[in-house]
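For reference, the chains in residue letters:
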Amino acid sequence: MSKTIIAKDLESLYLGNLRTVEFDLSLPEKGKFGSTFTWHSNDERFITNQGVVTRPEYGKGDRVIPLTVTAKYKEFEASKIYKVNVLEEENDIQIEQIFPVNLQKVVGESFYLPQAVAVKTTNQEIFSHPVVWTDEEELILEKPGNYSFSGQIKDTAYEVTATVSIVLEKPVIPEKHKQIAAFPMKSVRLTNHSMLKEAQDRRLEFLLSVDDNQMLYNFRMASGLSTKGAQEMIGWDSPDSLLKGHTTGHYLSALALCYGATGNKEIYQKLNYMIQELSYVQKAFEKNPAIHSGFLSAYTEEQFDLLEEYTPYPAIWAPYYTLHKLFAGLLDSYRIGGITEGLAIADKLGDWTYHRLNRLPHQQLKKMWSMYIAGEFGGMNESLAQLYEYTGKKEHLKTAKLFDNDRLFFPMEQKIDALGSLHANQHIPQIIGALKIYDQTKEDAYFQIADFFWKSVTSAHIYSIGGTGDGEMFQQPHLIGSKIDEHTAETCASYNLLKLTKELYEYEPTVEKMDYYERTMINHILSSTDHECNGGSTYFMPTSPGSKKGFDVENSCCHGTGLENHFKYGESIFFSNEENLVVNLFVSSRLSDERTGLTVDMDYDENEPEKVSFQLTFIDRAFNVRIPYWSKKIIAVWVNETIISYTEKDGYLVIEGLNNGDRVSIEFDIHFRLEETPDRKELFSLAYGPYILAVLSDKESFIEFDQSQLETTALQAIKKETGTLNFSLNDLFFTPLAKVNEEHYHLYLKKS
């Protein structure tokens, strides 16, 4: 009888039209025949257990949420699942200005109109917004002149016009070539005792503890091979996760970087084992008639099929994002480890990607890449351009360009910062890819996109530690103080920004780039690792008062880049060209150039950051040392025991005529300084030299200082503990954020 009552109550339960939900649901607590109902939502961001509905933001797509009702009568119960489709919000954007759309093309050149344009809203915010043109197909214009095309801002009544100038030939733009190069990783080793060396050593120890067969578990399972008794992966790589496989790609890169940074032979053996086993997985997939040749992943091709049908997240989860991590790891194994099988696997996978995407119409590709999360593709354009560099296959370069993203790229070409509301780390790798395409093609637009993006982000979108984004998203320019919370500065965004910075520096070696690099490496990346040996990394770096770091071991994106980060400290210390040897970062380290016999031993005590010395042998060029942004002046420069004169050029200290065996010592001026947020001048970080200092406190409101306490002379009252980076002022204790582990801290303080 009880089961019958439950069945009748569930049968008679009606919630209305669940295919187009816009408003709260009425979820009854009792059935008509006496059952008691309890409700459970699979995602309370959009439907709570009480039926409160929050629609996804415009542009993020509808969301299907499983909603489970459990009916209970006496000792019996049964459940029923409803699939509730919550509609995304309507587009209510109020536009004040549409930035001009002006293109220049050559007679007979095929092109498409941009799929997004920059707009300014009535509240003065600038966004990149999709547009629908009357002419959506490929265009080829055969006569010189100016042509106009009309369209509408998508899902609005706002009209937009594109002006296309057709010329007989484009102006010749001088190609940019790399002016300087970093030394290979194997030439640089961290030395002595430092926070950087300790972080590297801890991560080396962690990698040695990782079970390679566990990292291969999902790949072997998907291809039908034995999992060799390995444990399942966890978190975003668990067997039921749709993103499984991405951490394995990061792991390959981490092993390669670790080998490059340390020369550890056991790490090389692990890397070689991983590559060989993945080659067996790829061959096993090739034997499956349902799988296309060259495919490799931790799942079958189903997610790629569904993306082409525009299946939204969370039914699928960014298959090309996951593929990029694997590509990057395979190419790193070849680039750093010299493992040719890694390139061979990537070559086949590149061919698979070409055959998969080249057959799709332009509009289909653009729609795929615009899909929220499902269409996220990481740095596929970077990996394919890099693959072209190694293979010379034009198909790989063509495929790289198939990932061009107008919503990001076109405003950057126009020199408009329309980054607000874009997912930060979804788009930074795409910019790295644009620069990598420029490496291979010298098409100027790709360089301009990368250069303007870097300048926009580093001038208007970063916190004092160098990190960017709030809740993973770019905000409007200069909104920092109003975005102080628990979900700021996603770590993998900084990982990719540093990668971009280094690549741009080699083209245009300006001191500002390495100032940013040092800031972010020391204050964000170094701060993102646990002080144990658990392989944990911060996802977000909290900035709110009384914050506490969380160290993620659940195979998230930032855990993945966190496996790599701490082997990259040496890659941007030393650079050179025919005329100059350049030191950009101050880290105890040794440079050994096998080709020339040059060695540089840098001695740097991080507890006394104003002093650095170098022992040099076989130097045959000018010696350049970056004058850091945190030093007002150079106190003195010694060669051996003699104070010398020197020159300054473009932000670098330059010494010429050094002899074999000379020792150069430099003392910089160091001081405390305040770094205010651009939008709220009363909020600031306290810095000492290169370090952003944290105040240890669990107080949940801002620690306040009156103006008199912040005068230059008053700051001198801060006491530095001898031989450390610990500071105190009255009852406050300061230390670099990188030294903070589990303690609560304040990164921003307030002027009262």
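What you see is a predicted model; the values in this text were computed from it and never measured.

(A) View of the overall build of the chain. A tally of regular secondary structure across the chain gives 19 helices and 35 strands. Its C-alpha atoms give the chain a radius of gyration of 28 Å, near enough to 27 Å, the size a compact globule of 752 residues would have. Along the longest, intermediate and shortest principal axes, the C-alpha atoms of the chain span 95 × 70 × 60 Å. Across the 752 residues in the chain, those meeting the buried criterion constitute 59%. Counting contacts in the chain only where the partners sit at least 6 residues apart, residues at least 24 apart contribute 69% of the total. Surface exposure of the chain reaches about 31200 Å², of which carbon and sulfur atoms provide 48%.

(B) Summary view of helix 10 (residues 362–369). Buried residues of helix 10: Gln364, Leu365, Lys366, Met368 and Trp369, and no others. Buried residues in helix 10 make contact with helix 7 (302–308), helix 8 (319–335), helix 9 (340–357) and helix 13 (406–413).

(C) Local environment of helix 17 (residues 511–525). Here helix 17 spans 20 Å end to end across 15 residues, near enough to the 21 Å set by a 1.5 Å rise per residue. Taking burial as the measure, the 15 residues of helix 17 include 14 buried ones, the bulk of the element.

(D) Structural context of the pairing of strand 3 (residues 76–86). Where strand 2 (residues 63–73) lies against strand 3, 11 bridges are found, and the strand directions are antiparallel. Its bridge partner lying in strand 3, arginine 63 is registered against valine 86. Counting the residues in the hairpin turn of strand 2 and strand 3 gives two residues, including lysine 74, whose phi is positive at 55°.

(E) The arrangement of the packing of aromatic side chains in detail. Across all of its chains, the model carries 34 aromatic pairs by this definition. For the pair tryptophan 236 and tyrosine 539, a centre-to-centre distance of 6.2 Å together with 70° between the ring planes defines the contact as edge-to-face. Taken together, the residues tryptophan 236 in the loop between helix 4 (217–223) and helix 5 (246–262) and tyrosine 539 in the loop between strand 14 (537–538) and strand 15 (551–552) connect sequence positions 303 residues apart. Judged by its relative accessible area of 24%, tryptophan 236 is partly exposed. The exposure class of tyrosine 539 is buried, given its relative accessible area of 17%. What links up through ring pairs into an aromatic cluster is the set Phe285, Phe295, Tyr299, Phe304, Tyr320, Trp352, Trp369, Phe377 and Phe403. In this structure, lysine 8 is placed above the aromatic ring of phenylalanine 33, and the distance from its NZ or CZ to the ring centre is 4.2 Å. Directly above the aromatic system of tyrosine 310 lies the positively charged group of lysine 367, at a separation of 4.1 Å from the ring centroid.

(F) Seen up close, the sheet that holds strand 5 (residues 101–106). What the six strands build is an open sheet, ordered 4-7-8-10-11-5; its pairing is mixed. Both edges of this open sheet fall to strand 4 (95–98) and strand 5, since each of them pairs with a single strand only. Adjacent strand axes in the sheet meet at a mean angle of 45° when their direction is disregarded. The sheet contact formed by strand 10 (residues 145–153) and strand 11 (residues 159–167) spans eight bridges and is antiparallel. Paired with tyrosine 147 across the two strands is valine 164, which belongs to strand 11. Helix-sheet contacts for helix 13 involve strand 5, strand 7 (116–121) and strand 8 (126–133), and the interaxial angle to strand 7 is about 70°.

(G) Seen up close, the packing of helix 2 (residues 195–209) against helix 6 (residues 265–286). One way to put it is that helix 2 packs onto helix 6 with a least axis distance of 10 Å and a crossing angle of 45°. On the basis of their axis angle, the class for helix 2 and helix 6 is oblique. Read as a crossing pair, helix 2 and helix 6 show a hand that is left-handed. Across the interface between the two elements, Leu204, Leu207 and Leu208 of helix 2 pack against Glu266, Ile267 and Lys270 of helix 6. Here the contact of helix 2 with helix 6 is built from residues that sort into four nonpolar, no polar and two charged.

(H) Inspection of unusual backbone geometry at higher detail. The omega torsion of the bond from tyrosine 313 to proline 314 falls at 10°, within 30 degrees of zero and hence cis. With respect to the secondary-structure elements, proline 314 resides in the loop between helix 7 and helix 8. Residue tyrosine 310 is not a glycine yet carries a positive backbone phi of 65°. Phi is positive for asparagine 555, which is not a glycine, with a value near 60°. As for its position among the elements, asparagine 555 is in the loop between strand 15 and helix 18 (557–565). According to the relative accessible area criterion, asparagine 555 is buried, its value standing at 6%.

(I) Structural context of the sheet that holds strand 25 (residues 652–655). With mixed pairing, six strands are arranged side by side in an open sheet as 12-16-17-21-25-24. Among the strands making up the open sheet, the edge pair consists of strand 12 (181–182) and strand 24 (647–649). With four bridges connecting them, strand 17 (residues 580–583) and strand 21 (residues 622–626) associate as parallel partners. From the neighbouring strand, valine 583 faces strand 21, where its bridge partner is valine 625. Contacts from helix 17 reach strand 16 (574–576), strand 21 and strand 25, with the element oriented near 55° to strand 21.

(J) The arrangement of the side chain of asparagine 405 in detail. With respect to the element layout, asparagine 405 can be found in the loop between helix 12 (394–401) and helix 13. Taking the relative accessible area as the measure of exposure, asparagine 405 reaches 11% and is therefore buried. Excluding residues within four positions of it along the chain, asparagine 405 makes contact with Lys366, Phe410, His427 and Gln430.

(K) Spotlight on the nonpolar core. Formed by 172 residues in total, the largest nonpolar core has its most connected members in Tyr320, Phe453, Phe614 and Phe623. Here phenylalanine 623 is in contact with Leu581, Val583, Phe614, Leu616, Leu653, Val654, Ile655, Leu658 and Val664, once residues within four sequence places are set aside.

(L) Looking closely at the pattern of salt bridges. Using the criterion set out here, one finds 37 salt bridges in the structure. In this structure, arginine 356 and glutamate 308 form a salt bridge, with 2.7 Å as the shortest nitrogen-oxygen distance. With arginine 356 in helix 9 and glutamate 308 in helix 7, this residue pair connects regions lying 48 residues apart in the sequence. Between aspartate 601 and arginine 590 there is a salt bridge whose closest N-O contact spans 2.5 Å. Of the two residues, aspartate 601 is situated in strand 19 (residues 599–603) and arginine 590 in strand 18 (residues 589–592); the sequence distance between them amounts to 11 residues. Aspartate 601 gets classed as partly exposed once you look at its relative accessible area, which sits at 27%. Residue arginine 590 is classed as partly exposed on the basis of its relative accessible area, which comes to 33%. Sharing partners across several salt bridges, the network here consists of Glu301, Asp305, Glu308, Arg356 and Arg359.

(M) The packing of helix 5 against helix 6, seen in detail. Relative to each other, helix 5 and helix 6 sit at 145°, their axes nearing to 9 Å. Helix 6 is crossed by helix 5, and the crossing has left-handed handedness. Of the residues in helix 6, those touching helix 5 at Thr248, Tyr251, Leu252, Leu255, Ala256, Cys258 and Tyr259 are Ile267, Tyr268, Lys270, Leu271, Met274, Ile275 and Leu278. Looking at the contact of helix 5 with helix 6 residue by residue, the classes come out as 12 nonpolar, one polar and one charged.

(N) Expanded view of the side chain of glutamine 476. Here glutamine 476 is to be found in the loop between helix 15 (444–460) and helix 16 (491–507). From its side chain, glutamine 476 meets the backbone nitrogen of isoleucine 126 in a polar contact 2.9 Å long. Contact partners of glutamine 476, with chain neighbours within four places excluded, come to Glu125, Ile126, Phe127, Gly420 and His461.

(O) Representation of the state of the cysteines within the structure. Counted by the stated rule, this structure contains zero disulfides. For the unlinked cysteine cysteine 258, the closest cysteine sulfur is that of cysteine 533, found at 11 Å. For cysteine 258, a relative accessible area of 0% corresponds to the buried category. In this model cysteine 558 remains outside any disulfide bridge; the closest cysteine sulfur is found in cysteine 492, 3.3 Å from its own.

What counts, and at which threshold
Residues numbered from 1 in each chain as written. Predicted model: local features only at pLDDT ≥ 70, side-chain atom pairs only at ≥ 80, totals over all residues. Heavy atoms only, no water. Helix = DSSP H or I, 4+ residues; strand = E, 2+ residues; numbered from the N terminus. Rg over C-alpha atoms; globule rule 2.2 N^0.38 Å. Buried < 20%, exposed > 50% of the residue type's maximum accessible area, 1.4 Å probe, protein only. Contact = heavy atoms within 4.5 Å. Areas by Shrake-Rupley, 256 points an atom, 1.4 Å probe, with all protein chains shown as cover. Expected span 1.5 Å × (residues − 1). Pairing = 2+ DSSP bridges. Phe/Tyr/Trp six-rings, centres within 6.5 Å; stacked < 30°, edge-to-face > 60°. Lys NZ or Arg CZ within 6 Å of the ring centre and 35° of its normal. Axes fitted to C-alpha atoms, helices over the stretch in contact; angles between N-to-C directions. Parallel < 35°, antiparallel > 145°, perpendicular 65-115°, else oblique. Left-handed = near helix turned anticlockwise from the far one by under 90°. Nonpolar A, V, L, I, M, F, W, Y, C, P; charged D, E, K, R; others polar. Core = buried A, V, L, I, M, F, W, Y, C linked by side-chain atoms within 4.5 Å. Salt bridge = Lys/Arg side-chain N within 4 Å of Asp/Glu carboxyl O. Polar contact = N/O pair within 3.5 Å; in protein donor to acceptor, adjacent residues only side chain to side chain. Disulfide = S-S within 2.5 Å.

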